[in-house]
Amino acid sequence: MKVEKTELAAKLNKIKGVVPKKTTKPILQGILVKDGYLIANNMEMTVKAKLEEAEGECFIIPERAFDLISNLPEGEVDISVTAENTITIKADKIKNKYQTMAAEQFPDTVTQKEENNQLTIKSSTLLESMKRVSYAVPVFGNNAVMSSLCLQATGGELNFVGLDGHVLAWDKVDYDGEFELLIPKNTVDKLKSLGLSGDVRIMHSRTGAVFVTDDFEVYTRLVEGQYFKYRTMFKELPLHTVVSRTELLDAMTRAKMCTEERCPVRFEMQGEQLKLSIKDKTTDYHETVDLQESLIESLTIGFDARLVLETLKAFDCDNVGISLEGPKMPMIFEAEDSDFKTIVLPVAIN
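This one's a predicted model, so the numbers in the text were calculated from it and none came from an experiment. (Residues numbered from 1 in each chain as written. Predicted model: local features only at pLDDT ≥ 70, side-chain atom pairs only at ≥ 80, totals over all residues. Heavy atoms only, no water.)

Asks: Looking at this model, I keep getting lost on the nonpolar core. Mind explaining?
Replies: The nonpolar side chains of a soluble globular protein tend to be buried with one another. Formed by 96 residues in total, the largest nonpolar core has its most connected members in Phe211, Leu248, Met252, Phe267 and Leu276. For this core, the element with the most residues is helix H6 (residues 305-314), which contributes six residues. Beyond its immediate sequence surroundings of up to four residues, leucine 276 is in contact with Leu248, Ala251, Met252, Ala255, Val265, Arg266, Phe267, Tyr285, His286, Glu287 and Val289. Trp170, Tyr230, Leu237 and Ile343 belong to the second-largest nonpolar core, a separate cluster that totals 15 residues. (Core = buried A, V, L, I, M, F, W, Y, C linked by side-chain atoms within 4.5 Å. Buried < 20%, exposed > 50% of the residue type's maximum accessible area, 1.4 Å probe, protein only. Helix = DSSP H or I, 4+ residues; strand = E, 2+ residues; numbered from the N terminus. Contact = heavy atoms within 4.5 Å.)

The structure is reproduced here in structure tokens:
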């Protein structure tokens, strides 16, 4: 196989994060070259990157070769494999050999493409909504359903939902169909990092889903179970105002950087002012942020500062709406330019 180093290294770097660090199947620590694709597999997710020069090839690039390929000089790379599974990599004045494994041993965990169960969505729309809500999906947890992003089509909407018990994020776009997919957090993160472009076809069965573009295919298992009734958690609340997202985000960033402890931020809201403060053994920070709509009642409420920061970063609009009810009730943030909204639960303050 002869291929430009830049293209080979770029595709390898996109998918090598799927390669497991530890596994009972050592062959999974390599990347399969087969039928015009580079393929990485960790038994939970398979990612295929299109490489036209690999058409008709079938061999394993061992993990030890990844860094060498990335650091080769620019130009053509020549990769060949012997019948004894010795792989030779040549570029310019460089030549190196590795012992590899038989490609036939590489497991095929590809989910069957269900042509009858599919939708097509623009990659920009898919990634934008996934990025908005994925911060609310926990990386680790005992609840597999909670550690997944819910992609649910119902009532003329395609809903993207993430929650971790302290924050709930919900975005939606128009779509006519009915299904519910619980996508593992690792798959969501990989989809966000690949740099997908053009249209994405999503095909799914009861146990798996496939995301297909011209350059990549991502096969993933689906989490079993029924997702939470997130819609019932969003209610009309009596107190409402609007604030500049950037001003509140900057104020929260300054307040948080003044303390190393995980202490709550206090929101004292009255009229057209939000007075926020953080206090610990060494810090007593105060800042006032203007509100764009006057609150009909004053309210003092506490929040986890980290969650408020992450929530504000998930928005990309200039202003966000804030709805509240009481000091022990959740706060709702809403975008001014989309259907994206979040719930942040309060914490106890003195």
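Now, onward.
Asks: Explain the sheet that holds strand S22 (residues 319-324) here, please?
Replies: Strand pairing in a sheet is mediated by backbone hydrogen bonds. Such pairs are either parallel or antiparallel. Strand order in the open sheet made by the eight strands is S13-S10-S11-S12-S24-S23-S22-S17, with antiparallel pairing throughout. Strands at the two margins of the open sheet, each flanked by one partner only, are strand S13 (179-184) and strand S17 (239-244). Averaged over all neighbouring strand pairs, the angle between strand axes comes to 20 degrees, with direction disregarded. Taken together, the four bridges between S22 and strand S23 (residues 331-335) define a ladder with antiparallel strand orientation. Paired with valine 320 across the bridge in S23 is alanine 335. (Pairing = 2+ DSSP bridges. Axes fitted to C-alpha atoms, helices over the stretch in contact; angles between N-to-C directions.)

Asks: Looking at this model, I keep getting lost on helix H3 (residues 123-134). Mind explaining?
Replies: Each α-helix turn comprises 3.6 residues. Residues three or four places apart therefore point the same way. Helix length check: H3, at twelve residues, gives a terminal C-alpha distance of 16 Å against a target of 16 Å (1.5 Å per residue), a fit within 8%. Among the residues of H3, those classed as buried are Ser123, Leu126, Leu127, Ser129, Met130, Arg132, Val133 and Ser134. (Expected span 1.5 Å × (residues − 1).)

Asks: What should I look at first to understand the pairing of strand S7 (residues 86-91) in this one?
Replies: Walk down a regular strand and you will see the side chains alternate between the two sheet faces. For S7, the buried fraction is high: five of the six residues fall into the buried class. When strand S6 (residues 76-81) meets S7, the two strands line up antiparallel, connected through four bridges. From the neighbouring strand, valine 81 faces S7, where its bridge partner is isoleucine 87. What sits between the antiparallel neighbours S6 and S7 is a turn of four residues, in which asparagine 85 has the positive phi angle 60 degrees. The pairing of S7 with strand S8 (residues 94-99) spans six bridges and is antiparallel. By the bridge assignment for S8, isoleucine 89 is matched with asparagine 96. Hairpin geometry of S7 and S8 is characterised by an intervening segment of two residues between the two adjacent antiparallel strands and by a positive phi of about 55 degrees at aspartate 92.

Asks: Got a minute to help me understand the side chain of lysine 48 in this structure?
Replies: Along the chain, the position of lysine 48 falls in strand S4 (residues 45-50). Residue contacts for lysine 48: discarding those within four places in its chain leaves Tyr37, Leu38, Ile39, Asp215, Phe216, Glu217 and Tyr219.

Asks: Before we go on, may I ask you to explain the packing of aromatic side chains in this structure?
Replies: Within a pair of aromatic rings, the relevant descriptors are the distance that separates the centres and the angle that separates the planes. Inspection of every chain in the model, using the stated rule, returns eight aromatic pairs. Ring geometry for tryptophan 170 and phenylalanine 234: centres 5.3 Å apart, planes at 50 degrees, overall tilted. With tryptophan 170 in strand S12 (residues 167-174) and phenylalanine 234 in the loop between strand S16 (216-221) and S17, the pair connects residues that are 64 residues apart, well separated along the chain. The class of tryptophan 170 is buried, set by a relative accessible area of 6%. Phenylalanine 234 gets classed as buried once you look at its relative accessible area, which sits at 14%. Ring geometry for tyrosine 175 against phenylalanine 179: centres 6.1 Å apart, planes inclined by 70 degrees, an arrangement best described as edge-to-face. Given the relative accessible area of 12%, phenylalanine 179 is considered buried. An aromatic cluster of at least three residues, connected via ring pairs, comprises Trp170, Tyr227, Phe228, Tyr230 and Phe234. Sitting over the face of the ring of tyrosine 37, lysine 48 holds its NZ or CZ atom 4.5 Å from the ring centroid. (Phe/Tyr/Trp six-rings, centres within 6.5 Å; stacked < 30°, edge-to-face > 60°. Lys NZ or Arg CZ within 6 Å of the ring centre and 35° of its normal.)

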